[in-house]
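# Overview (structure and organization)
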Amino acid sequence: MTTEYNKDTVRDEIVKKLRRSLGLTPDEATKEDMYQAVGLSVRDIIMDKWADSLKEVHKQGAKRLYYLSAEFLMGRALVNNMINLDLYDAYRDALTDLGTDLGEIEEQEADAGLGNGGLGRLAACFLDSLSTLEMPVTGCCIRYEHGLFRQKIVDGRQVEVDDNWLENGNIWEIARPDDKVEVKYGGHVEEIWTEHGLSVEHSGYTSVMAYPYDYPVIGYESNVPATLRLWEARAKTEIDMSYFNKGDYARAVEESALVEAVSQVLYPEDNHEPGRLLRLKQFYFFTSASMQFLVNSHKRHHQDVRSLPDNYTIQINDTHPTLAIPELIRILMDDEGLTWDEATDIAYRMFNYTNHTIMSEALERWNENMFRGLLPRIHKIITVIDQRFRDRIWEKWPGDWNKMNELSIIGGGEIRMANLCIAVCGKVNGVSRLHAGIIKTRTFRDFYILFPDKFLGVTNGITTRRWLAKANMPLTKVISERIGRDFLKDYTRFEQLRDYADDTAFHLAAGEVKRLNKVRLRDLIYEKQGIELNPDMIFDVQAKRLHEYKRQLLKLLHILHLYFTVKTDRSAKITPSAFLFAAKAAPGYYMAKEIIRLINSAAELINGDPDVRDLLKIVFIENYSVSVAEVLIPATDVSEQISTAGLEASGTGNMKFMLNGAVTIGTMDGANVEIHDAVGPDGIFIFGAAVEEIEQMDRFGSYQPYRAYEENPDIRRVLDSLISGILPAQSGKQFHDVYNSLIFDGQGRADKYYLLHDFASYDEVYRKLTAAYEDRTRWMRMSARNTICSGIFSSDRTIREYAEQVWHLERLR
């Protein structure tokens, strides 16, 4: 019997959960208790759909996607699930009847610590879209016990604090101990040829048990939840009783502690050998477990593993999961008895690879000696793949040893994951139109010559359910009153909003929503950090991972320029602006952490100066997360997308800001190019050197940043302030290293991300932007146009393109 959910039935379900799962009545329940009861009641609804859809997948013999990613930055699930089930109003009203506020209940949920930035957020959007489109998918990742870190700012510096997101458990996950598998490290591998073929004996290895937890992800009005399978590492024997009984308790659990480190922390620092080894263990751990599970699952419903490509397709999200390729070959040969040709043919037909980086230094490589010691069998398999691939290279470019060294999978004492992906995978895609062109002509140029049919572009996207329906309910209401709510299910319905492009009433309604959201953000910042903001200021935001190529430093230098302009010329016209930064720096990334320190030093200087108090304000938002983004992005007026042209593969933050009516100032980089095409030149502010100009300067070494310092007095004044003592010396030191990186890095490559080159262009375009903001009618029209034109950046569109061009995946009938 189907339950009809309304306020009353929902209230009854919550009370039942309190009594039967927690042994409490509503009067006795804390907010945490109420969160548990509400979440479990929502989960029950999803579980019914989950069970029915899994049965239907097997009944129909539907092809299933395995999406492998080292990150899934999910965010909070409670309210998002309510929205996708179309039960938000019923739960809100039921909780009101019970004397509880839904917003307070949501605050009890921790952000899942399964990701860091855009890579993981993209993967999360994809699960939402795949479920919305009712395409069967299993995402695979590690069940990290601790997230990347919680960020605290102490004396201006970033300090990393443990992010124990599982401290109170995770109500959404289901343990599946029956699906546990064994993952083997180290030891010795012996290949023995018998009359029955190759037999492989692996001895002296260390075992880690992989225990799975399944996390359902429900799309909008969907009957086919996605599955996120998370693997936890455990020792085969958790306690060595021989030591325990002797009173040596530390030794008794020592092995267990070492083993469980594999799933303890997202991205352990890898600037030392133990950290690199642990990362390699992590990536093999979850790919081995996932491939073993895939094969085992297939065998439960099909007799012959040779039919795997008919039933599964596998997407490698960046290079972290690349070891799934040789691992599947190992399973098919060593465990299932297939020949090399049979096993590799299956792998070549199942795997596809998404590249997310243009910078060669970010393409993953492993020291071959370390790799061989940890994964001897996988090393042997990669060696054979490499040998056969070298034959292909030699056939194409006979006698060209440079090509051989560049394209081979193993070379220079390293194993190159991107090269392995391209050699094996059926399709290799970039994540924006510009990025797809760059990987063909620059990053993987010779691979493209070798495999022209493999390469394509699929521009990233975002889910409107989380980034509009959840993050910006008032704007969702304004849109729904005009075109209905079907746009949340069908992104093409955004086209209907074009009828309101010049509608003043729509502009005013969206403008009122923007101010409400700015007030909400103001209140959050004051509550969390004690900083007061004026919502009538421009909210100018740069929120993204801290990296030099993303150029938070360029923005900070320009803010200092505005400050010095006001200080030296009191008549200077400056539009009151609040500049908000939100970013985490990798723990071992010194320069990124210095930039954070510099931002906070500038904030101390500017925020404390009564001369500019009403004109300029800087806020560094601590511990940026999905939940913070859901408040920050809807409140943003100006979206800073100012990376060095040609280095940002796509970006998805730019799309979230655009959807919520922010106007972009940016370079022609990544998906900014396509945003420019969507909104037109009057809906975006573009500055800086184009990709072609930067390539020319790189090729001929013609850029001389010191000349910009000498010739531009504004640049010289700002840079001198980094070392002159004007800025408060956070943690007792000035900013000589930042200064030197821009002018004299000692290695002949100062300012390698062209900040000083683009400074004057940025300043000129920024002045045009603030002039546009002062014209409120024009600005509201620009803001509305960004929202109106954002439908094409839905992750539903992205998934449809993957399904048609890469996966050949269909909607469950």
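These numbers were taken from a predicted model, which means no experiment stands behind them.

## Here's the deal with the overall build of the protein chain
- The helix and strand tally for the protein chain stands at 34 helices and 23 strands.
- Overall size of the protein chain, expressed as C-alpha extent along the three principal axes, is 90 × 75 × 65 Å.
- Counting all 813 residues of the protein chain, 60% fall into the buried class.
- Within the protein chain, residue pairs in contact and separated by at least 24 positions form 76% of the contacts whose partners lie at least 6 positions apart.
- As displayed, the protein chain offers around 32,100 Å² of accessible surface, 46% of which is attributable to carbon and sulfur atoms.
- Between the centroid of the 98 positive side chains of the protein chain and the centroid of its 121 negative side chains there is a distance of 1 Å.

## A word on the pairing of strand 3 (residues 150–154)
- Burial of strand 3 is one-sided: the residues Gln-151 and Ile-153 facing one way are buried, the residues Arg-150, Lys-152 and Val-154 facing the other way are not.
- Examined bridge by bridge, strand 3 and strand 4 (residues 157–161) share five bridges and lie antiparallel to one another. Across the sheet, the residue bridging to Lys-152 is Val-159, located in strand 4.
- What sits between strand 3 and strand 4 in their antiparallel hairpin is a turn of two residues, with Asp-155 showing a positive phi close to 50°.

## Structural notes on the sheet that holds strand 18 (residues 538–543)
- Spatial ordering of the open sheet is given by 20-19-18-21-22-23, a layout of six strands whose pairing is parallel. Every other strand in the sheet has two partners, leaving strand 20 (616–621) and strand 23 (685–686) as the edge strands with one partner each.
- Alignment of strand 18 against strand 19 (residues 577–582), held across six bridges, turns out to be parallel. The partner of Ala-543 across the bridge, within strand 19, is Ala-582.
- In the packing of helix 23 (residues 552–568) onto the sheet, the strands contacted are strand 18, strand 19, strand 20 and strand 21 (638–641), and the crossing angle to strand 19 comes to about 155°.

## Remarks on the environment of Leu-616
- Within the fold, Leu-616 resides in strand 20.
- Distance in space between the C-alpha atoms of Leu-616 and Thr-798 is 39 Å, their sequence separation being 182 residues.
- Not counting chain neighbours up to four residues away, the residues in contact with Leu-616 comprise Met-537, Leu-562, Tyr-563, Ile-574, Ser-577, Phe-579, Ile-606 and Asn-607.

## Regarding the layout of surface pockets
- In this model, the second largest pocket occupies a volume close to 580 Å³.
- Lining the second largest pocket we find 30 residues, and of these Ile-358, Met-359, Ser-360, Glu-361 and Arg-442 sit closest to its centre.
- Of all elements in the fold, only helix 16 (401–407), helix 17 (417–424), helix 18 (433–443), helix 19 (445–450) and helix 28 (691–700) reach the threshold of two or more residues within the lining of the second largest pocket.
- In terms of residues, the lining of the second largest pocket owes the most to one element, helix 28, which gives four residues.
- For the lining of the second largest pocket, a count of residues per class yields 13 nonpolar, five polar and twelve charged.

## Looking at helix 27 (residues 672–679)
- Inspection of helix 27 places Asn-672, Val-673, Glu-674, Ile-675 and Val-679 among the buried residues, and these make up the whole buried set.
- At the C-terminal side of helix 27, Gly-680 shows a positive phi close to 85°.

## Remarks on the sheet that holds strand 15 (residues 414–416)
- On the basis of which strands lie adjacent, the open sheet formed by three strands has the order 13-15-14 and antiparallel pairing. For this open sheet the edge positions go to strand 13 (365–367) and strand 14 (410–411), each flanked by a neighbour on one side alone.
- Note: strand 14 against strand 15, two bridges, orientation antiparallel. By the bridge assignment for strand 15, Gly-411 is matched with Glu-414.
- Against the sheet, helix 17 makes contact with strand 13 and strand 15, and its axis sits at roughly 45° relative to strand 15, the strand it touches most.

## Digging into empty space enclosed by the protein
- Going through the model one piece at a time under the given rule, you end up with three cavities of 30 Å³ or more.
- What the largest cavity holds in volume is close to 130 Å³.
- Met-74, Asn-80, Asn-81, Val-217 and Arg-466 are, among the 15 residues lining the largest cavity, the residues nearest its centre.
- Secondary structure elements with two or more residues in the lining of the largest cavity: helix 3 (78–84), helix 6 (118–132) and strand 9 (206–217).
- When grouped by side-chain class, the residues that make up the lining of the largest cavity number seven nonpolar, four polar and four charged.
- Approximately 60 Å³ is the volume attributed to the second largest cavity.
- Along the walls of the second largest cavity sit Lys-544, Gln-641, Ile-642, Ser-643, Glu-648, Ser-650, Gly-651, Asn-654, Asp-669 and Asn-672, which together make up its complete lining.
- Split into classes, the residues belonging to the lining of the second largest cavity amount to one nonpolar, six polar and three charged.

## Considerations on the nonpolar core
- If you look at the biggest cluster of nonpolar residues, it comprises 200 residues, and the most contacted ones within it are Ile-14, Met-74, Phe-285, Phe-351, Tyr-353, Leu-580 and Trp-807.
- Not counting chain neighbours up to four residues away, the residues in contact with Phe-285 comprise Ile-142, Val-183, Tyr-185, Val-208, Met-209, Ala-210, Trp-231, Glu-232, Ala-233 and Val-262.
- Counting residues in hydrophobic clusters, the runner-up holds 75 residues, among them Ile-153, Ala-602, Phe-620 and Val-638.

## Overview of the packing of helix 1 (residues 7–22) against helix 4 (residues 88–97)
- As a packed pair, helix 1 and helix 4 sit with axes 8 Å apart at the nearest point and diverge in direction by 65°. The two elements helix 1 and helix 4 meet at a crossing, and its hand is right-handed. Here Lys-7, Val-10, Arg-11 and Ile-14 of helix 1 lie close against helix 4, whose contacting residues are Ala-90, Tyr-91, Asp-93, Ala-94, Leu-95 and Asp-97.

## Details of the environment of Thr-30
- Secondary-structure assignment places Thr-30 in the loop between helix 1 and helix 2 (31–60).
- The class for Thr-30 is partly exposed, based on a relative accessible area of 44%.
- Separated by 26 residues in sequence, Thr-30 and Glu-56 place their C-alpha atoms 39 Å apart.

## Overview of helix 13 (residues 340–350)
- Within the sequence span of helix 13, burial applies to Trp-340, Ala-343, Thr-344, Ile-346, Ala-347 and Met-350. Taken down its axis, helix 13 places every buried residue within 155° of arc, on the same side.

## A look at unusual backbone geometry
- Even without being a glycine, Glu-221 presents a positive backbone phi close to 50°.
- Within the element layout of this structure, Glu-221 appears in the loop between strand 9 and strand 10 (226–234).
- Since its relative accessible area comes to 45%, Glu-221 is described here as partly exposed.
- Despite not being glycine, Tyr-754 has its phi angle at roughly 65°, a positive value.
- Of note, Tyr-754 is situated in the loop between helix 31 (736–743) and helix 32 (755–774).

## A short note on the side chain of Asp-758
- Examined against the element boundaries, Asp-758 turns out to sit in helix 32.
- Not counting residues within four places of it along the chain, the set of residues in contact with Asp-758 comprises Arg-551, Phe-687, Gly-688 and Ala-689.

What counts, and at which threshold
- Residues numbered from 1 in each chain as written.
- Predicted model: local features only at pLDDT ≥ 70, side-chain atom pairs only at ≥ 80, totals over all residues.
- Heavy atoms only, no water.
- Helix = DSSP H or I, 4+ residues; strand = E, 2+ residues; numbered from the N terminus.
- Buried < 20%, exposed > 50% of the residue type's maximum accessible area, 1.4 Å probe, protein only.
- Contact = heavy atoms within 4.5 Å.
- Areas by Shrake-Rupley, 256 points an atom, 1.4 Å probe, with all protein chains shown as cover.
- Lys, Arg positive; Asp, Glu negative; His and termini not counted.
- Charge placed at Lys NZ, Arg CZ, Asp CG, Glu CD.
- Pairing = 2+ DSSP bridges.
- Axes fitted to C-alpha atoms, helices over the stretch in contact; angles between N-to-C directions.
- 1 Å grid on protein atoms, 1.4 Å probe; cavity = no way out; pocket = protein on both sides within 12 Å on 5 of 7 lines; lining within 4 Å.
- Points joined across faces, edges and corners; volume = space filled by probe spheres on them.
- Nonpolar A, V, L, I, M, F, W, Y, C, P; charged D, E, K, R; others polar.
- Core = buried A, V, L, I, M, F, W, Y, C linked by side-chain atoms within 4.5 Å.
- Left-handed = near helix turned anticlockwise from the far one by under 90°.
- Arc of directions from axis to C-beta.

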